Amino acid sequence: YDEVIQGHVHFGYVHEREGVRFRTLRAVGMGYAEHEPKDMAYYIILHEKTDGYDVEEVYVLYDRKAMIEHIVNSDMPDKSKISRFVGQQI
């Protein structure tokens, strides 16, 4: 493989080992680095070329306030723990 792309990781990460690049997609609403805004969702687009591909990183607005309201108003048993993951204490 040239690259392994995985999700469900809470931070963006790119690492290369033995010629294979490993890339994780950060979670929605959870930016850890300064360049990762918390009110943005993130995805990538692979653009095929004759000698490989280019990776385009795309950020889109995400209604973080609505997400937090849904967590607070939910009946999930671990909502206080989940709210801490998104930087909101309930």
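Thresholds, definitions, all that
- Residues numbered from 1 in each chain as written.
- Predicted model: local features only at pLDDT ≥ 70, side-chain atom pairs only at ≥ 80, totals over all residues.
- Heavy atoms only, no water.
- Pairing = 2+ DSSP bridges.
- Helix = DSSP H or I, 4+ residues; strand = E, 2+ residues; numbered from the N terminus.
- Axes fitted to C-alpha atoms, helices over the stretch in contact; angles between N-to-C directions.
- Contact = heavy atoms within 4.5 Å.
- Salt bridge = Lys/Arg side-chain N within 4 Å of Asp/Glu carboxyl O.

### Side note on the sheet that holds strand β1 (residues 3–6)
In step 1: On the basis of which strands lie adjacent, the open sheet formed by 3 strands has the order β1-β3-β2 and mixed pairing. Looking at strand neighbours, the two that pair on one side only are β1 and β2 (13–17), the edges of this open sheet. For this sheet the average axis-to-axis angle between neighbouring strands, irrespective of direction, equals 15°.
In step 2: Where β1 and strand β3 (residues 20–24) come together, 4 bridges link them in parallel fashion.

### Notes on the environment of aspartate 39
In step 1: Of note, aspartate 39 is situated in the loop between β3 and β4 (40–49).
In step 2: Sequence separation between aspartate 39 and tyrosine 62 is 23 residues, and the spatial gap between their C-alpha atoms is 5.3 Å.
In step 3: With near-sequence residues (within four places) excluded, aspartate 39 lies in contact with Val60, Leu61, Tyr62 and Arg64.

### A short note on the pattern of salt bridges
In step 1: Summed over all chains, the structure comprises 6 salt bridges.
In step 2: Notably, a salt bridge pairs glutamate 3 with arginine 21, separated by 3.8 Å at the nearest N-O pair. You can see glutamate 3 sitting in strand β1 and its partner arginine 21 sitting in strand β3, a full 18 residues away along the chain.
In step 3: With its nearest N and O atoms 3.9 Å apart, the salt bridge here joins lysine 49 to aspartate 51.
In step 4: Through salt bridges with shared partners, a single ionic network connects Glu3, Glu16, Arg21, Arg23 and Glu57.

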